[in-house]
Amino acid sequence: MPDAAGTALLELSGVTKSFGRVVVADNLSLRLGAGDIVGIVGPNGAGKTSLFGLIAGDLAPESGVIRLGGAEVTRLDPAARCRLGIGRTYQVPRPFGGMTVFENVLVAVQQGAGLRRRASYAAAVGVLDRTGLSGEANSPAERLGLLQRKRLELARALASGPRLLLLDEVAGGLTDLEVEQLIGVVRSIRTEGIAIIWIEHVVRALTAAVERLLCLAGGSFVGDGTPAAVLADPAVREVFLGTEVTTSLSGPPAAESGREGA
Ligand SMILES: Nc1ncnc2c1ncn2[C@@H]1O[C@H](COP(=O)(O)OP(=O)(O)OP(=O)(O)O)[C@@H](O)[C@H]1O
Ligand SMILES: [Mg+2]
């Protein structure tokens, strides 16, 4: 929730973005408080990844305002927003090739969190430990399997020292056990007061971790409330639940879109 002074950690007001005739954000407004954890579901092509692009600065809105901690960030580039505390993962993992897992995380610690030398090494080791990647520290990043690549995305986002962490389908394609492990990692991040927005088709993972769920369709929010209320909402069921949703950990894994996220 917003703090007593009414300042939200993240605030979007009237944010609009289109690609040609496809409206990915249609006058979107959203408020998130420090330490909030929010899930986003919605059909393929709803605009979920684009919303992260708008928040993180990869996409510029046509209109509307985005604020972080009360300060406007609408026109800041992704690196500046990262330094202000917005960390994101990409739906299709994007590790730096030609570097080890440790080096990938170290770059994020140094560029995002601004740490240097021994402090940065210690922070990188800590992030690898928390994300279950310590055993892969010296592996070339491009040789990782899917679970480890998803973990490295999370590790790099976390290494930048975010106040707000944007997770884009980090559970897609993982086994039930791997999803359970991931939920544990997300919960532990949350206990540190980092706010999280988690886009996920594996609905079971969201309902286990979030308190508030939003459903995005056609660039608009069609549901906003507790996960149980949103998933039971007829408007949400109409736009979303008919699609390739994995509501149970024993169900088939959600497919990767294969398309590069915004
Ligand atoms: N850079 C871009 N240029 C043109 N069109 C784009 C671009 N990025 C996204 N789109 C289009 O915008 C729409 C929303 O895409 P987006 O990736 O935000 O959806 P999504 O909700 O994340 O979908 P998914 O569940 O498949 O990941 C889609 O029709 C997509 O093809
Ligand atoms: Mg997406």
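Rules used in this analysis
- Residues numbered from 1 in each chain as written.
- Chains lettered and ligands numbered in written order.
- Predicted model: local features only at pLDDT ≥ 70, side-chain atom pairs only at ≥ 80, totals over all residues.
- Heavy atoms only, no water.
- Helix = DSSP H or I, 4+ residues; strand = E, 2+ residues; numbered from the N terminus.
- Expected span 1.5 Å × (residues − 1).
- Buried < 20%, exposed > 50% of the residue type's maximum accessible area, 1.4 Å probe, protein only.
- Arc of directions from axis to C-beta.
- Near = heavy atom within 4 Å.
- Polar contact = N/O pair within 3.5 Å; in protein donor to acceptor, adjacent residues only side chain to side chain.
- Areas by Shrake-Rupley, 256 points an atom, 1.4 Å probe, with all protein chains shown as cover.
- Nonpolar A, V, L, I, M, F, W, Y, C, P; charged D, E, K, R; others polar.
- Contact = heavy atoms within 4.5 Å.
- Core = buried A, V, L, I, M, F, W, Y, C linked by side-chain atoms within 4.5 Å.
- Phe/Tyr/Trp six-rings, centres within 6.5 Å; stacked < 30°, edge-to-face > 60°.
- Donors = N, O, S within 2.8 Å, 3.2 Å for Na, K, Ca; no water.
- 1 Å grid on protein atoms, 1.4 Å probe; cavity = no way out; pocket = protein on both sides within 12 Å on 5 of 7 lines; lining within 4 Å.
- Points joined across faces, edges and corners; volume = space filled by probe spheres on them.
- Salt bridge = Lys/Arg side-chain N within 4 Å of Asp/Glu carboxyl O.
- pLDDT = per-residue confidence, 0-100.
- Pairing = 2+ DSSP bridges.
- Right-handed = clockwise from strand over helix to strand, strands pointing away.

## Focus on helix α6 (residues 176-190)
Here α6 contains 15 residues, and its C-alpha end-to-end distance of 21 Å stays within 8% of the 21 Å for a straight helix at 1.5 Å per residue. All buried positions along α6 are accounted for by Val179, Leu182, Ile183, Val185, Val186 and Ile189. Here the buried residues of α6 occupy an arc of 165 degrees about the axis, which is enough to place them on one side.

## Concerning the site of ligand 1
Taken together, 15 residues form the shell around ligand 1, and within it Asn44, Gly45, Lys48, Ser50 and Gln91 come nearest. In the model, an oxygen atom of ligand 1 is placed 3.0 Å from a nitrogen or oxygen of the Gly47 main chain. With respect to ligand 1, the side chain of His201 contributes an N or O atom lying 3.0 Å from an oxygen atom. If ligand 1 stood free it would expose 640 Å²; the protein chains cover 73% of that surface. Elements with a contribution of two residues or more to the shell around ligand 1: β2 (22-32) and α1 (48-56). Per-element tally for the shell around ligand 1: the top contributor is α1, with 3 residues. The residue makeup of the shell around ligand 1, split by class, is 5 nonpolar, 7 polar and 3 charged.

## Things to note about helix α3 (residues 101-113)
Taking 1.5 Å of rise per residue, 13 residues should cover 18 Å, and α3 covers 17 Å from first to last C-alpha, within 8% of that figure. Contacts from the buried residues of α3 go to α2 (78-84), α4 (117-130) and α5 (146-159). After α3 finishes, the residue Gly114 shows a positive phi value of roughly 75 degrees.

## Quick word on the nonpolar core
Core analysis: the largest hydrophobic core is formed by 47 residues, its most contacted members being Val105, Leu152, Leu165, Leu167, Ile189, Ile196 and Trp198. Residue contributions to this core peak at 7 residues, all from α5. Grouped together as the second largest cluster of nonpolar side chains are 27 residues, Leu12, Ala25, Ala56 and Leu164 included.

## A closer look at the packing of aromatic side chains
Tallied over the full model, the rule gives 1 aromatic pair. For the pair Phe102 and Tyr121, a centre-to-centre distance of 6.5 Å together with 40 degrees between the ring planes defines the contact as tilted. In this pair, Phe102 sits in helix α3 while Tyr121 sits in helix α4, placing the two residues 19 residues apart along the sequence. Overall, the relative accessible area of 41% leaves Tyr121 in the partly exposed class.

## Focus: the coordination of the magnesium ion (ligand 2)
Summarising the metal site, the magnesium ion (ligand 2) is bound by the protein donors Thr49 (OG1) and Gln91 (OE1), whose distances to it range over 2.0 to 2.2 Å. Note that Thr49 is positioned in helix α1 and Gln91 in the loop between β6 (86-88) and α3, a separation of 42 residues in sequence. Each member of the pair, Thr49 as well as Gln91, is classed as buried.

## Brief notes about empty space enclosed by the protein
One water molecule sets the probe size; rolling that probe over the atoms shows where empty space is left. Taken as a whole and judged by the stated rule, the model has 1 cavity of 30 Å³ or more. Its volume calculated, the largest cavity comes out at about 30 Å³. Mapped onto the lining of the largest cavity, the elements with two or more residues apiece are α5 and α6. The element best represented in the lining of the largest cavity is α6, accounting for 4 residues.

## Overview of the pattern of salt bridges
Taken as a whole and assessed by the stated rule, the structure comprises 8 salt bridges. Taking the shortest distance from any N to any O, the salt bridge between Glu192 and Arg130 comes out at 2.7 Å. Here Arg130 lies in helix α4 and Glu192 lies in the loop between α6 and β8 (195-199), a separation of 62 residues in the sequence. Owing to a relative accessible area of 46%, Glu192 belongs among the partly exposed residues under this scheme. Arg130 gets classed as partly exposed once you look at its relative accessible area, which sits at 31%. Beyond isolated ion pairs, a larger network of salt bridges with shared partners links Glu11, Arg31 and Arg67.

## Some details on the confidence of the model for the protein chain
The predicted model of the protein chain averages 89 in pLDDT, with 90% of residues at 70 or higher. Within the model, the stretch residues 244-262 combines pLDDT values under 50 with 46 contacts to residues more than four positions away or in other chains.

## Details of the pairing of β8
For β8, the tally of buried residues reaches 5 of 5 residues, placing the bulk of the element in the interior. Both faces of β8 are covered, namely the face carrying Ala195, Ile197 and Ile199 and the face carrying Ile196 and Trp198. The pairing of strand β3 (residues 37-41) with β8 spans 4 bridges and is classified as parallel. Looking across to β8, one finds that Ile40 is bridged to Ile199. In this sheet, β8 lies alongside strand β7 (residues 164-168) in parallel orientation, the contact comprising 5 bridges. Directly across from Asp168, in β8, lies its bridge partner Ile199. Handedness of the crossover is the feature at issue here: the chain leaves β7, passes through α6, returns alongside β8, and the resulting connection is right-handed.

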